[in-house]
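One-letter residues, chain by chain:
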Amino acid sequence: MKKVADVLDRKYPQFNTVLPDCLVSDALYQMSCENVDFLIVLEDEKLLGILSDHDIATKVLFAPKPLNQTHVREFMSSPFPIVSENDSIQHCMQIAERYHAQHIVVYDCFSFKGVVTMHDLMTYALNIRAGVLEQEESFQWNY
């Protein structure tokens, strides 16, 4: 059975982090430059939350303060569902479905390992399925 650690291994190292006191306008610029749809909010190597494009679209745009006067801490999402590296991908998908979460935080004991998104899980599952289909369809067509 495939584990969450397998999904994390296929991802690039997650450097898309931001400090909680950063301005949302700067965070949005960083997201654009790094071509990501979320930033991991860390302070002293401790996970505080996640700022996603959805957070910006739903919370920040309706806030009375402009983006260049709003801090990430005010609009980040927290808490999140947590899974272990040793949990199965199926379990991780069930947790995401139960909590309607797009981002699932991965820990190994008390050590933060990264964030897995529903997109990551779906891509991994489809790649596994594609490999199975290629093996099943390896026969010759006779016309």
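By convention here, each chain's residues receive numbers from 1 onward along its written sequence. The predicted nature of this model means local features are confined to residues of pLDDT at least 70 and side-chain atom pairs, given and counted, to a pLDDT of 80 or more, with totals for whole chains, interfaces and linings taken over all residues. Each side-chain value is derived from all of the structure's non-hydrogen atoms; neither hydrogens nor water enter the calculation.

**Q** Break down the sheet that holds strand 1 (residues 17-18) for me, with residues and values.
**A** By this definition, two strands are paired if DSSP reports at least two bridges between them. In this description a helix means any DSSP run of H or I spanning at least four residues, a strand means any run of E spanning at least two, and both kinds are numbered starting from the N terminus. The three strands lie next to each other as 1-2-3, forming an open sheet whose pairing is mixed. What marks the edges here is a single partner per strand, and that holds for strand 1 and strand 3 (46-52). By the bridge criterion, six bridges tie strand 2 (residues 38-43) to strand 3 in an arrangement that is antiparallel. Looking at strand 3, one finds that Val41 is bridged to Gly49.

**Q** Quick rundown of the packing of aromatic side chains? Include the residues and the values.
**A** When the centres of two rings from Phe, Tyr and Trp lie within 6.5 Å, Trp using its six-membered ring, the rings pair. Their planes under 30 degrees apart give stacked, over 60 give edge-to-face, and anything left gives tilted. Taken as a whole and judged by the stated rule, the model has one aromatic pair. A centroid spacing of 5.8 Å and a plane angle of 65 degrees characterise the contact between Tyr107 and Phe112, whose relative ring orientation is edge-to-face.

**Q** Before we move on, can you summarise the layout of surface pockets with the specific residues and values?
**A** Of the grid points, spaced at 1 Å and generated over the protein atoms alone, those admitting a 1.4 Å probe that cannot get out make up cavities, while open sets with protein on both sides within 12 Å along at least five of seven lines make up pockets; any residue with an atom within 4 Å of a point is treated as lining. Grid points are joined across faces, edges and corners, and a volume is the space filled by probe spheres set on the points. There is about 770 Å³ of room inside the largest pocket. With six residues, the top contributor of residues to the lining of the largest pocket is helix 6 (residues 118-136). Three classes are used: nonpolar for Ala, Val, Leu, Ile, Met, Phe, Trp, Tyr, Cys and Pro, charged for Asp, Glu, Lys and Arg, and polar for all others, with Gly counted as polar. For the lining of the largest pocket, the per-class residue count stands at 13 nonpolar, 13 polar and seven charged.

**Q** Lay out the pattern of salt bridges in plain terms, naming residues and giving numbers.
**A** Salt bridges are defined as contacts in which a side-chain nitrogen from Lys or Arg sits within 4 Å of a carboxyl oxygen from Asp or Glu. Within this structure, the stated rule accounts for four salt bridges. The partner of Arg73 in a salt bridge is Asp21, with the nearest N and O atoms 3.5 Å apart. Taken together, the residues span a long stretch of sequence, with Arg73 in helix 4 (residues 72-75) and Asp21 in the loop between strand 1 and helix 2 (24-34) at a distance of 52 residues. In this scheme, a residue with accessible area under 20% of its type's maximum is buried, one over 50% is exposed, and one in between is partly exposed, where area comes from a 1.4 Å probe on protein chains only. For Asp21, a relative accessible area of 48% gives the class partly exposed.

**Q** If you had to explain unusual backbone geometry to someone new, which residues and values would you point to?
**A** For the peptide bond that leads from Ser78 to Pro79, omega is -5 degrees, which places it in the cis range. Mapped onto the elements of the fold, Pro79 is located in the loop between helix 4 and strand 4 (82-84). Located in the positive-phi region is Glu45, a residue other than glycine, with phi close to 60 degrees. Mapped onto the secondary structure, Glu45 falls in the loop between strand 2 and strand 3. Positive phi is not limited to glycine here, since Cys109 has a value of about 60 degrees.

**Q** Break down the sheet that holds strand 5 (residues 103-108) for me, citing the residues and quoting the values.
**A** Strand order in this open sheet of three strands is 4-5-6, and the pairing throughout is mixed. Here the strands that pair on one side only, and so sit at the sheet edges, are strand 4 and strand 6 (111-117). When strand polarity is set aside, the average angle formed by the axes of neighbouring strands in this sheet is 35 degrees. Sheet topology note: the strand 4/strand 5 ladder contains three bridges and is parallel. Within strand 5, the residue paired with Ser84 across the bridge is Tyr107. To get an axis, a line is fitted to the C-alpha atoms, and for a helix only the part in contact is used. The angle between two axes follows their N-to-C directions and goes from 0 to 180 degrees.

**Q** Give me the confidence of the model for the protein chain: which residues, what numbers.
**A** For every residue, the predictor reports its confidence as pLDDT, a number between 0 and 100. Taken residue by residue, the protein chain gives an average pLDDT of 84. The fraction at 70 or more is 88%. When mean pLDDT is compared element by element in the protein chain, strand 1 scores highest at 94, while helix 6 scores lowest at 72.

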